[in-house]
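# A structural walkthrough
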Amino acid sequence: MSYAEYIPVPKLCEHYKIQETFFEELHEKGVLQIVVVEQTYCLHYESIPIFEKIVRISEDLHINVEGIDVILNLLNTVENLKQELIATQNRLRLYE
């Protein structure tokens, strides 16, 4: 596990102007995975896009963590359905 792949939570809190308790709550509810690297809570760099989406949902819509989890699951379901629709349309074109 390379430390370069992780961003310390305190640095993210400073950048996004949020409290560490928000990260703790996201982690406790299973919405976001936080790991300990060198005795510091960190977020993997690949999780930043989803974290930014979480921050926008939280700040813009004033949604709590449970609501954020539901919204993320719904968005994931919609994305899966879109991919399934595209695959079905591609198969259908074979018969046209």
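Here, every reference points to the structure presented above.
Below is a short write-up of the structure. (Residues numbered from 1 in each chain as written. Predicted model: local features only at pLDDT ≥ 70, side-chain atom pairs only at ≥ 80, totals over all residues. Heavy atoms only, no water.)

### Quick word on the pattern of salt bridges
Tallied over the full model, the rule gives one salt bridge. A salt bridge links Glu66 to Lys29, with the shortest nitrogen-to-oxygen separation between them at 3.1 Å. Of this pair, Glu66 sits in helix α4 (residues 65-93) while Lys29 sits in the loop between α2 (20-28) and β2 (35-37), and the two are 37 residues apart along the sequence. For Lys29, a relative accessible area of 43% puts it in the partly exposed group. (Salt bridge = Lys/Arg side-chain N within 4 Å of Asp/Glu carboxyl O. Helix = DSSP H or I, 4+ residues; strand = E, 2+ residues; numbered from the N terminus. Buried < 20%, exposed > 50% of the residue type's maximum accessible area, 1.4 Å probe, protein only.)

### Quick look at unusual backbone geometry
The residue Gln39 is not glycine, and still its phi comes out positive at about 65°. In this structure, Gln39 sits in the loop between β2 and β3 (40-44). Phi angles above zero are rare outside glycine, and His62 is one such case at about 55°. What makes His62 exposed here is its relative accessible area of 68%.

### Examining the packing of aromatic side chains
One pass over the structure, following the stated rule, counts two aromatic pairs. Taking the centre distance of 5.1 Å and the plane angle of 85° together, the rings of Tyr16 and Phe51 count as edge-to-face. Separated by 35 residues along the polypeptide, Tyr16 in helix α1 (residues 9-16) and Phe51 in helix α3 (residues 48-61) bring together distant segments of the chain. When its relative accessible area of 0% is taken as the criterion, Phe51 is described as buried. Taken together, Tyr16, Phe23 and Phe51 form an aromatic cluster joined through their ring pairs. (Phe/Tyr/Trp six-rings, centres within 6.5 Å; stacked < 30°, edge-to-face > 60°.)

### Thoughts on the side chain of His44
Mapping His44 onto the fold places it in strand β3. In this structure the side chain of His44 is engaged in a polar contact, spanning 3.5 Å, whose partner is the side chain of Glu5. With residues near it in sequence (within four places) discarded, His44 still touches Glu5 and Tyr6. (Polar contact = N/O pair within 3.5 Å; in protein donor to acceptor, adjacent residues only side chain to side chain. Contact = heavy atoms within 4.5 Å.)

### Quick word on α1
Restricting attention to buried positions, one finds in α1 the residues Val9, Leu12, Cys13 and Tyr16. Taken down its axis, α1 places every buried residue within 100° of arc, on the same side. Set apart from the buried face of α1 by more than 90 degrees, the exposed residues are Lys11, Glu14 and His15. Packing partners of the buried residues in α1 comprise β1 (6-8), α2, β3 and α3. (Arc of directions from axis to C-beta.)

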